[in-house]
Each structure stands twice: as structure tokens, then as C-alpha cells.
Amino acid sequence: MLGDQLTREVGPLVERPEERVVLVEAREFARRHPYHPHKLTLVFSAMRHFRDRLRADGRTVDYYTVETFREGFEAHFDAHPDDTVVAMEPASHGAAAGLREAAQAAGGSIDLVENDLFLCDAESFDDWAGDGRLRHEDFYRFMRRRTGYLMEDGDPAGGEWNYDDQNRETPPDGWSPPEPPVFEPDALTQEVNEWVEDEFAGGYDEPPYGGAWADPEEFRWPVTRRGACRALDDFVTTRLAEFGDYQDAMLEEEWALCHSLISTSLHLGLLHPREVIERAVTAYREESAPLHCIEGFVRQVLGWREFLRHVYRREMPGLATANQLDAEADLPDFYWTGDTDMACLSDVVDGVRQRGYSHHIERLMILSNFALIYGVEPAQLNEWFHASYVDAFHWITTPNVVEMGMFGAGVFATKPYAASANYIDGMSDYCSGCPYYKTKTTGEGACPFNTFYWDFLDRNEDSLRSNHRMGLVYNHLDNKDDEELTAIRERADDLRERARESEL
Ligand SMILES: Cc1cc2nc3c(=O)[nH]c(=O)nc-3n(C[C@H](O)[C@H](O)[C@H](O)COP(=O)(O)OP(=O)(O)OC[C@H]3O[C@@H](n4cnc5c(N)ncnc54)[C@H](O)[C@@H]3O)c2cc1C
Ligand code: SF4
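Below or above, wherever it landed, is the structure these notes cover. (Residues numbered from 1 in each chain as written. Chains lettered and ligands numbered in written order. Predicted model: local features only at pLDDT ≥ 70, side-chain atom pairs only at ≥ 80, totals over all residues. Heavy atoms only, no water.)

Residues in close proximity to ligand 1 total 28 residues, the closest being His259, Ser260, Leu261, His267 and Thr397. His259 is positioned such that a nitrogen or oxygen atom in its side chain is 2.7 Å from an oxygen atom of ligand 1. Between ligand 1 and Asp391, the relevant distance is 2.8 Å, taken from a nitrogen atom to a main-chain nitrogen or oxygen of the residue. Look at ligand 1: alone it shows 810 Å² of surface, and the protein chains cover 99% of it. Among the secondary structure elements, those contributing two or more residues to the shell around ligand 1 are α9 (263-268), α11 (291-315), α15 (360-374) and α17 (394-405). The greatest single-element share of the shell around ligand 1, amounting to 6 residues, is contributed by α11. The residue inventory of the shell around ligand 1, partitioned by class, reads 15 nonpolar, 10 polar and 3 charged. Shared between two domains, the shell around ligand 1 takes at least three residues from each, and those domains are domain 2 (122-183 + 220-314) and domain 3 (334-500). (Near = heavy atom within 4 Å. Polar contact = N/O pair within 3.5 Å; in protein donor to acceptor, adjacent residues only side chain to side chain. Areas by Shrake-Rupley, 256 points an atom, 1.4 Å probe, with all protein chains shown as cover. Helix = DSSP H or I, 4+ residues; strand = E, 2+ residues; numbered from the N terminus. Nonpolar A, V, L, I, M, F, W, Y, C, P; charged D, E, K, R; others polar. Domains from an automatic or database assignment.)

What follows concerns the state of the cysteines. Under the criterion given, the structure shown has 0 disulfides. The thiol of Cys293 is unpaired, and the distance to the nearest cysteine sulfur, on Cys258, comes to 8.3 Å. (Disulfide = S-S within 2.5 Å.)

Moving on: the nonpolar core. Residues Leu240, Tyr335, Leu345, Phe370, Leu381, Trp384 and Phe449 are the most contacted members of the largest nonpolar core, which totals 142 residues. If near-sequence neighbours (up to four positions away) are discounted, Leu345 is found in contact with Phe334, Tyr335, Thr340, Ile366, Leu367, Phe370 and Phe449. Core analysis: the next-biggest nonpolar cluster, separate from the first, contains 18 residues, Leu2, Tyr64, Phe73 and Leu112 among them. (Core = buried A, V, L, I, M, F, W, Y, C linked by side-chain atoms within 4.5 Å. Buried < 20%, exposed > 50% of the residue type's maximum accessible area, 1.4 Å probe, protein only. Contact = heavy atoms within 4.5 Å.)

Around ligand 2, a shell composed of Met342, Cys344, Ala421, Ile424, Tyr430, Cys431, Cys434, Tyr436, Lys438, Cys447 and Phe449 is seen. Of the residues that constitute the shell around ligand 2, the class distribution is 10 nonpolar, no polar and 1 charged.

Looking now at the packing of aromatic side chains. The final tally for this structure, using the stated rule, is 38 aromatic pairs. Judged by centre distance (6.2 Å) and plane angle (45°), the rings of Phe69 and Phe73 are tilted. Here Phe73 and Phe69 lie together in helix α3 (residues 69-79), a separation of 4 residues that amounts to about one turn. Ring centres of Trp221 and Tyr357 lie 5.7 Å apart, and the angle between their planes is 45°; on these two criteria the pair is classed as tilted. Of this pair, Trp221 sits in the loop between α7 (187-201) and α8 (225-243) while Tyr357 is found in the loop between α14 (343-355) and α15, placing the two residues 136 residues apart along the sequence. When sorted by exposure, Trp221 lands in the same class as Tyr357, which is buried. Through a chain of ring-to-ring contacts, three or more aromatic side chains come together here, namely Phe334, Tyr335, Phe370, Tyr374, Trp384, Phe385, Tyr389, Phe449 and Phe452. Taking NZ or CZ as reference, Arg309 lies 4.0 Å from the ring centre of Phe118, over its face. Lying over the aromatic face of Trp454, Lys480 brings its terminal NZ or CZ to 4.3 Å of the ring centre. (Phe/Tyr/Trp six-rings, centres within 6.5 Å; stacked < 30°, edge-to-face > 60°. Lys NZ or Arg CZ within 6 Å of the ring centre and 35° of its normal.)

Structure (C-alpha cells):
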């Protein structure tokens, strides 16, 4: 069992009920990136809980605590030389080859079988994709038809495939969402957490990290199947009914809004996407939540999550370093430290430092939007996301960051998600408390998002002007005279200098 396949519901464990189970806790993985300690606690604690659960079920579990996978295999094949290890194909690029090599080097072998933790297998995706351009909306409809979820007599429930236009509200004054559940660390998780702090979290006090993980809040994520089911249940019964309306909203005082907070449970295998979607579809049948909220949620799990897994599979290894706009700037240190006067960025980064999470629109329209218009090299932002988020796994982080966020490859993104303060002010309450002026583009105090937004369009004109979806914004750029463009360029240079000096 790999650490992100912790399921007793599908896969080799179910098909081979009498076989011994092997789990390898390889620490080398944890040293590869400056990971948020909660990410490491999450994975190691979930593995150890899973081990104990299986043993309580009466299964034999060999749990190897080693530095590398190879050492784990050596220990195993020394004790059981005739074994062939069977595991589900890992989703991250290179992991399958790494496992095969490690098993072979240890004198054994490994059989990798279909990964049952997804709804669309590689063959079905490739048949659907053919040689055409990959479009998420087409794939999503294909999956709706294929599974029958939210379909009525062959048509989409309610008559529309997609209710995204109803998913862009901002909450009224005084609104607050139900509190998300907290999964207080039990003794085992506390032990893992302390060990992680001692073993891995030190050494991040110097630039660029600047003590990024010095003082997180208490670990709060589910690490067992039971906890994951409670998280799903809590979401469906208390927050799904408003999920859609406020999906794109951002509030300084509300980090979770009505998001489900189940990404970690899905990616570890504690929840299967099928049961997650079926809970939402049942809510539709029972009329306990509006269709646009349910459809919006189903689209994320049935559509985006499955789609990006296959985009990643097909586009790696090139996707990880794709950089079609030739962006070369270094990631500013404030992504690690949160030390910036920009109210939106400082709050979102602070949330990531606290709990290794921010919701989708904060990731897309604050963190990656800023990096995009500033001109950060996409791979550097990917590395930051990968290290900082509890739900970051290379197969899902990379297409989101490099393609969706940074327009790195142009595989499925048809235009960059670049936006100025106008968008952020419309969807959040950040700008009113910010020392920068949301309506100014140049001059002292002008919002950096505004300056960099126009500078980005100007800098990338050769690549982007011919994109028909960018026509309107280039018309606006054309309305700016030479004097204004010069002022934008000068201010952008000045802001970059300040960012490098940690004075933005
Ligand atoms: C720049 C950037 C980086 C991201 N990095 C990650 C990452 O490392 N790991 C990760 O799981 N997600 C990532 N996402 C996608 C998305 O932001 C998270 O899945 C979501 O915020 C997780 O919180 P939630 O469980 O509360 O999700 P909800 O908003 O409640 O959505 C429900 C579920 O839908 C799925 N989902 C939603 N959006 C996406 C998406 N864009 N791609 C794939 N699945 C999606 C997730 O499984 C999620 O749990 C990233 C998005 C962007 C723009
Ligand atoms: S004014 Fe600019 S920097 Fe400040 S919160 Fe608004 S968008 Fe962010």
C-alpha cells in the first residue's frame, strides 16, 4: 500500500483478503522539499492509523520505517524472498519507475495494477481525447453521460450542463458560514506531529523560508477513514447548500467559507470520488441543496480532478517545466514569510503558513495571479505550492499551477487567468483594509496588481495579442498613451526592486 492509497474499499487489498500488507514509511521523501509540517504529519499519521486499523481487522501488516523505499523492499524481500509485491499504479510521474527500480535493486519485483481510486481510467480518457485539443467542459459532459450522475433521461438535470454563472456571488454583510469540523489530533497524531517537528521542520529559518513553518496552528485534518467520512458528512449537511453561491468569494475572516475541505481525504484514498459524488447527487434527489451548488461541486470532483490527472499523465515530464511565456523572475520571499503590505496576499499566505490550505480562488486569483503578472518562473511557484499545501501531490498540483495558474503550456488553458485589483475587490473584502489604492495603477501607493496586470499585457504582447479571448483587454491597453505606458513600466520595475528587498 502506498501512502496515498489508504483504502480498504477497492484495489489489491480487497482482491487479496488473505495476503500480508506491506507499508513503507520512507523518510527520504519528506526531505525532498521544505514541506509544511502538517503535510508530513497528515501522510505519516494516516499511514500509521491505517496500519493499526488493518491489524485490528486481523490482517498481517509489515510496516517498515526506513530512509528509502529500496531499504524497505530489502527488508521485505530478505524476510519473504518469494513474494511479488502488488500495488496500484501511483498517479505521480516517475513514481512507478522508481518503485520498480527499488524493488529490483532489492532483488524482488513489483506488479503495478490499475489505480482504482479514480473514476476514469487511462484508456477511456485517451479514447475520449483522440487527437483533439483537451477541453475540460467536453470531458466533464463525457463523464456525466458515462456515469449518469446528474442526468435525467439522457439530459443534464435542470436542463443545463453547467451553472457556473450562479457560482460567483459575494456573501451579504454579517453572513458567516458554519464552522468546519476540527479533527483534534489523537495520541498517535500528536506523536507523529512532534516527531515531524524535530526531524524535518527545522532548518527553514533562513531566507527564503524565513521561519515559514515556525508557528502553525494546531493540526486539524482527518487522518482516518472515519474522520474523512465525518468531514464529507459535515460538508454535505451543513455547507453544500451554499457551496456554489460563494465558491469564488474571499473573506479575510473566513478561510474555509463553504468549501468541502476533503481534498486531503480524497488524495490519500480515505474517500473515494464515487462516494463523494453520490452523496452530493443524493442531496439533489432529496432536494436538500440547490442544483447549482451540487452541480458546481460535482464538476470539481468528476470533472476537474479526473481531467487534470490525465492531463498530467499525458503531458509529463514537459509540463513541470513548461514556460511558454518565458517568465524568469524568482518567487518573492513573501510567499514564504507573508511579509508584504498587500492585504490580500499577506492574509492568504498567512493562512497557508497556519494550516497548509487556502481555497481555490485564493490559489488562482491571488497567489498564482500575482506570480503570473509579476513574471515568476512557473516551476518555482509549483515548488512553493508543492511544499506549502497539505493537499499538494505532484499529479494535481502541477497542472493546476503550471497550466491553469501560470498559463505555462497552453494544453487546455485558452487564456491566462490574469486580473487586476478590480476582480479582487469585486470578490473579496481585502481592498478596503489595504494600504495600497485599488483604483490606482501608477504613482506612489498604486496597487501592485494593477501595475503588474498592465505590465504583463504589455510585456507579453507578442504571445497574447493574437489570442482571440484577449482582444478586449488589448483594446484597453491600446487606449493607454505612451506616457502612461512608460509610467507603468517604471512603476513595475520599481515594485520588482522592492519585492526583491522585501519591501512590497
Ligand atoms: C494554483 C492552484 C494550485 C492548486 N493546487 C492544488 C493541490 O496541490 N492539490 C489539490 O488537491 N488541489 C489543488 N488545486 C485545486 C483546488 O484549489 C483544490 O483542490 C481545492 O481548493 C481543495 O479544497 P477543498 O477540498 O475544500 O475543495 P472544494 O472547493 O470543496 O472542491 C471539492 C473537490 O473538488 C476537487 N477540485 C476542486 N478544484 C479542483 C481543481 N482545480 N483541480 C482538481 N481538483 C479540484 C478537489 O478534489 C476538491 O477537494 C489548486 C488550484 C490552483 C488554482
Ligand atoms: S488593493 Fe491591491 S494589494 Fe491591496 S488588497 Fe486590493 S488587490 Fe490586494
